[in-house]
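Structural description and commentary
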Amino acid sequence: MSQLRLLESGPIYRNPNPGYTHHIALFSHVVDLGDGQLLCAYNRGQAMYATDLTFFQARSPDGGVTWGEHTVLYDRAADDRPFSYHSPFMTRLRDGRLVIAAFRVDRSDPELPLFNEKTGGLAPVEVILQRSSDQGRTWSPPEVVAVPDGMVITPSSASVELADGAWFLAYDVWHAFDDPGPYRPRTVGYFSRDDGRDWGEPVTFADGAAAGKGYWHGRVTTLDDGRLFALFWSADMRAGLDPLPLHRCIGSPDGRRWTAPEATNLPGQTNGVVDMGGGLLAAVYTSREPPRPGFRVALSTDLGRTWDLDGQQLVWDATGRERLGVNAPESYPRSHDTIAFGAPTANRLSDGTLLVTFWCTELSITHIRYARLRAEA
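Notes on the structure in this doc start here. Because the structure is a prediction, the values reported are computed rather than measured.

Describing the overall build of the protein
Check the secondary structure of the protein and you find zero helices and 25 strands. For the protein, the spread of C-alpha atoms along the three principal axes comes to 55 × 50 × 45 Å. Relative to its full complement of 377 residues, the protein shows a buried share of 55%. Counting contacts in the protein only where the partners sit at least 6 residues apart, residues at least 24 apart contribute 52% of the total. Carbon and sulfur atoms make up 50% of the accessible area of the protein, which amounts to about 15,900 Å² in all. Taking the 36 positively charged and 46 negatively charged side chains of the protein as two groups, their mean positions are separated by 2 Å.

Structure, rendered in structure tokens:
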């Protein structure tokens, strides 16, 4: 089994002037532009659910070692009403164009929370796409994606360009703000055959209701052989969101057929997976279990069924900094309000190394970081 070696790590963005302004950075998404150049899109605002959340971006000329100027990706002043923007999942298409899939929330009523404390339902959202044809130097205004009536969905992953040129976009399914539920997390995918203008042909590929399980935040990636792969944060819904190991499923190259989700040995939550080549997968995942919560990176040689836990690398130790200042209520959704780290991503760079990114909190500053690793025989 290959072994992981940590090459370097550090911040992508951290508030440089906390004595004068308060803002946080989170939900980073990176694409490799080639020739060592990386582009990172991320959220910045006062808090994870703040009304002022918007998208920023930064560029690295040296594979993530240094990052240049951080600029607003989209100026919210152009909107006809106040929106907050969330989780810019970014894709680089084969022809070099960039596409962001994300969602935004109307914050005309700044007192309306994103999640209903009583029902767990999500406030009304708009799914959006933004495009760039010049490597992120300029971006199109948000395009609202039409979703079926009655569906409350948010992208769970970046758009995937399939072998036939179609796009595949996976979504988490929620229930509406005032819908009493029950909460039934599952994942559905839609296809576009006209560069994201129209979407249809839905396929549900992670629905554990019959078994009393919930699956969400599945990051879909393309394997080197063309098949699709996803790991899901999983829970036993019959026991009040009791955690289960991450579950995996494998999709056909056209995204139409998926294996049933099955448990792995990874005891985590949000995650990112990438094919490192030669039958080796790498996963970065969020671990909230004592004694050392944080982000870990593990390898698998059997398509993600089992992972080398003995050889995994801890790339961020969250011990003593798991929460933002106060104890959170135990019940969902308020239990998420004070989490201090999450949402890792994984990229295989053109030099064969693995770049992972994540958001975390240190000395009261929530920021985004990277770690670069190499898998060595």
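Observations concerning the sheet that holds strand β25 (residues 365-376)
Read from one edge to the other, the open sheet built from four strands follows the order β1-β25-β24-β23, with strand pairing classed as antiparallel. Two strands close off the open sheet at either side, each with one partner strand: β1 (3-13) and β23 (342-348). The mean angle between the axes of side-by-side strands here comes to 25°, regardless of whether they run parallel or antiparallel. Pairing analysis gives five bridges linking β23 to strand β24 (residues 354-362), with the strands arranged antiparallel. Along β24, the bridge assignment pairs asparagine 347 with leucine 355.

As for the nonpolar core
Ranked by size, the top nonpolar core spans 22 residues in total, and within it Cys40, Tyr42, Trp67, Trp359 and Ile368 carry the most contacts. At the level of elements, β1, β2 (24-34), β3 (37-45), β4 (54-60), β24 and β25 are the ones that each hand at least two residues to this core. Among the elements that line this core, the one with the most residues is β2, at four residues. Those residues in contact with isoleucine 368 that sit more than four places away from it in its chain are Pro11, Ile12, Tyr13, Ala25, Leu26, Phe27, Ser28, Cys40, Tyr42, Phe358 and Trp359. Core analysis: the second largest hydrophobic core is formed by 20 residues, Leu4, Phe295, Val297 and Leu299 among them.

Focus on the packing of aromatic side chains
This structure, assessed with the given rule, holds 24 aromatic pairs. A connected cluster of aromatic rings, assembled from ring pairs, spans Tyr49, Phe115, Trp174, Tyr183, Trp216, Trp233 and Tyr332. Here the guanidinium or amino end of arginine 44 rests over the ring plane of tyrosine 13, the centre of that ring lying 4.1 Å away. A cation over an aromatic ring shows up here: arginine 104 above the ring of phenylalanine 83, its NZ or CZ 3.8 Å from the ring centre.

Quick word on the sheet that holds strand β9 (residues 143-144)
One open sheet holds the four strands; their spatial order is β6-β7-β8-β9, and the pairing between them is antiparallel. Strands at the two margins of the open sheet, each flanked by one partner only, are β6 (83-92) and β9.

Details of unusual backbone geometry
With omega at 10°, the peptide bond leading from glycine 181 into proline 182 counts as cis. Examined against the element boundaries, proline 182 turns out to sit in the loop between β12 (167-174) and β13 (186-192). Note the cis peptide between proline 290 and proline 291, where omega equals 10°. Even without being glycine, serine 87 reaches a positive phi, approximately 55°. Serine 87 sits in the buried class, given a relative accessible area of 11%. Even without being glycine, glutamate 201 reaches a positive phi, approximately 55°.

Thresholds, definitions, all that
Residues numbered from 1 in each chain as written. Predicted model: local features only at pLDDT ≥ 70, side-chain atom pairs only at ≥ 80, totals over all residues. Heavy atoms only, no water. Helix = DSSP H or I, 4+ residues; strand = E, 2+ residues; numbered from the N terminus. Buried < 20%, exposed > 50% of the residue type's maximum accessible area, 1.4 Å probe, protein only. Contact = heavy atoms within 4.5 Å. Areas by Shrake-Rupley, 256 points an atom, 1.4 Å probe, with all protein chains shown as cover. Lys, Arg positive; Asp, Glu negative; His and termini not counted. Charge placed at Lys NZ, Arg CZ, Asp CG, Glu CD. Pairing = 2+ DSSP bridges. Axes fitted to C-alpha atoms, helices over the stretch in contact; angles between N-to-C directions. Core = buried A, V, L, I, M, F, W, Y, C linked by side-chain atoms within 4.5 Å. Phe/Tyr/Trp six-rings, centres within 6.5 Å; stacked < 30°, edge-to-face > 60°. Lys NZ or Arg CZ within 6 Å of the ring centre and 35° of its normal.

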